[in-house]
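These are the residues of each chain, in order.
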Amino acid sequence: MNRLFLFAYFLAFSLFASEIKFVKGQVLVNNKPATKGSKLNDKDVVKVESKSLAIIELDDKSKIKINENTELKVENAKKETPTTASLISGSAFFKIRKALNEKLQKEKFKVKTRQVSLGVRGTEFFVSYGKNPKEDVWMCVNEGLVEAKSRKTKALVKAGEGIGVKKDKMSPPKPLAWTKKLNWSMDENSGNLENNVSIEEAYTDLLGRDYD
Amino acid sequence: MTKKLHLLVIYFLSEAVFAGNIPTRQHEKVQALVEARTFYIRNKTQYFAEVKFSEWEESQAFQSARLGLRRSLSRNFKIGLFYQRSYGLRHDNDWIKESAWHWLDRKTQGQDSFLTDFTYKNLINDRMTYEVRLTYEKNFTVGRGFIKPRIGISYFLTKSHFTLMEELSIPMETRSSAIQEYWTYFTYSYHYSNNVSFGPLLANRIVNWESSEDFKNRLNTTYQFKENIWYAGAQLVYHFGD
């Protein structure tokens, strides 16, 4: 009886088996300090402080690189339903593995922000709140395809393209020069994980602005 | 002897007639120049206001204020419409004789102009842009029109940019020198914030002066000379809106 209970207990945990694979600086889970190897439960909130970085790995080996000054909640990682990451503030890189199950191929992972919801089918992409977090959010795709939905519009964003969303207005997907310099590395052994591109650069469209 | 004396008298008399009749180059030092602009950006339109002023004590000082807008037709093309009020702008026909030959004082006389421009801008790479602009200016006060082609190149760093521009001023009327002015601008702008940028500027202006109508009518001859003026100063730009 005890063995059956333990088996069920571990089975329940294995339904959401995320783990922190890399920590630099100060990383909190539910406001408590976390370290490399810390396990994450469903709906845990990960907070990465200034000059810090964290990489979490989901049970299917998908990874999320969480940048400094970022808060993120990952929930509902059952294999039968899409995992949802709610980006509360800041920015993060996502590397989502393709679903082995064909039924889940359509939408395996979702990222939610205040302005837009992103449906992901096995891809690598970056999401960041802008200078006015209540209004702006940016997203760009490095690999795969992302379906972005705001309250008024939706768009399919391909690799090499990005969008900006301000209030409910979504820009059409197009290459964004500033995203070429993003650091997509998720290899915690590489020693080169930090992203040095400021979101300020997203606002500099070299052709759009005149100075005289 | 008498014949030689007559020739000498004629020579010195003609020198006396023309001495002081032809304008001379007046600019030996670098002049100060300040420019301030603001852009209010709303959707695809930039509403624009600008003031410029050069060192006012100099005889060829100028001041101008410009209002208008520039509209994006596409990511690369823009069209602009402006009104400008200027003081101190000098023209060929401003060399006149009253008690003596002198330049008409344009500092107290405002001049009104209408301008329209068409700009093409594109990326050279993710750090550099080039721009071609064609401006038509109609100065209603003196009744002159100008075509002003301009090319420019800019290099952007993370929080600043450099720009080099060359602009020609080609009067619509017939002249010996088709190009009346050449302007070369070099600026450095520091992007203090998303709204504010400022920095130094260096400009060179070459003016091809030609005889005024008054001079031609009175003395039945012509003159031409080139004036080279350097400016050093600062520019301030403020962007707001979208």
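Now for a look at the structure at hand.

Reading guide: rules and limits
- Residues numbered from 1 in each chain as written.
- Chains lettered and ligands numbered in written order.
- Predicted model: local features only at pLDDT ≥ 70, side-chain atom pairs only at ≥ 80, totals over all residues.
- Heavy atoms only, no water.
- Core = buried A, V, L, I, M, F, W, Y, C linked by side-chain atoms within 4.5 Å.
- Buried < 20%, exposed > 50% of the residue type's maximum accessible area, 1.4 Å probe, protein only.
- Pairing = 2+ DSSP bridges.
- Helix = DSSP H or I, 4+ residues; strand = E, 2+ residues; numbered from the N terminus.
- Axes fitted to C-alpha atoms, helices over the stretch in contact; angles between N-to-C directions.
- Phe/Tyr/Trp six-rings, centres within 6.5 Å; stacked < 30°, edge-to-face > 60°.
- Lys NZ or Arg CZ within 6 Å of the ring centre and 35° of its normal.

**A closer look at the nonpolar core**
Here comes step 1: Core analysis: the biggest nonpolar cluster contains 37 residues, and Leu72(A), Phe94(A) and Phe125(A) have the highest contact counts within it.
Here comes step 2: Among the nonpolar cores identified, the runner-up in size contains 17 residues, and Leu33(B), Leu201(B), Tyr223(B) and Ile229(B) belong to it.

**Digging into the pairing of strand β13 (residues 224-241) of chain B**
Residues and elements named next belong to chain B.
Here comes step 1: With 11 bridges connecting them, strand β1 (residues 31-42) and β13 associate as parallel partners. Looking at the pairing, Ala36 lines up with Leu236 of β13.
Here comes step 2: With 15 bridges connecting them, strand β12 (residues 196-210) and β13 associate as antiparallel partners. If you follow Pro200 over to β13, its bridge partner there is Ala234.

**Topic: the pairing of strand β9 (residues 144-156) of chain B**
All names here are of chain B.
Here comes step 1: Bridge count for strand β8 (residues 128-139) against β9 is 12 bridges, and the pairing is antiparallel. Paired with Leu134 across the strands is Pro149, a residue of β9.
Here comes step 2: Counting the residues between successive antiparallel strands, the hairpin from β8 to β9 contains 4 residues, one of them, Gly143, with a positive phi of roughly 70 degrees.
Here comes step 3: Taken together, β9 and the strand that follows it, strand β10 (residues 160-171), pair antiparallel across an intervening segment of 3 residues.

**So, the sheet that holds β1(B)**
Here comes step 1: Taken in spatial order, the 11 strands of this closed barrel run β1-β2-β3-β4-β7-β8-β9-β10-β11-β12-β13 (chain B), and their pairing is mixed. Between one strand and the next, the sheet's axes are offset by a mean angle of 20 degrees, whatever the strand orientation.

**Quick look at the packing of aromatic side chains**
Here comes step 1: A complete count under the given rule lists 25 aromatic pairs over all chains for this structure.
Here comes step 2: Taken together, a centroid distance of 4.6 Å and an interplanar angle of 45 degrees make the contact between Phe93(A) and Phe126(A) tilted. Residue Phe93(A) is found in strand β10 (residues 91-95), and its partner Phe126(A) is found in strand β13 (residues 124-129); the two are separated by 33 residues along the sequence.
Here comes step 3: Overall, the relative accessible area of 0% leaves Phe93(A) in the buried class.
Here comes step 4: On the basis of relative accessibility, which here comes to 3%, the residue Phe126(A) falls in the buried class.
Here comes step 5: Taking the centre distance of 6.3 Å and the plane angle of 85 degrees together, the rings of Phe62(B) and Trp183(B) count as edge-to-face. Of this pair, Phe62(B) sits in the loop between β2 (45-54) and β3 (63-72) while Trp183(B) sits in strand β11 (residues 181-191), and the two are 121 residues apart along the sequence.
Here comes step 6: One aromatic cluster is present, formed by Trp95(B), Trp101(B), Trp103(B), Trp209(B), Phe215(B), Tyr223(B) and Phe225(B) through successive ring pairs.
Here comes step 7: Between the NZ or CZ atom of Arg66(B) and the centre of the ring of Phe82(B), over which it lies, the distance is 5.8 Å.

It is worth stressing that arrangement in space is one thing and function is another; only the former is reported here.
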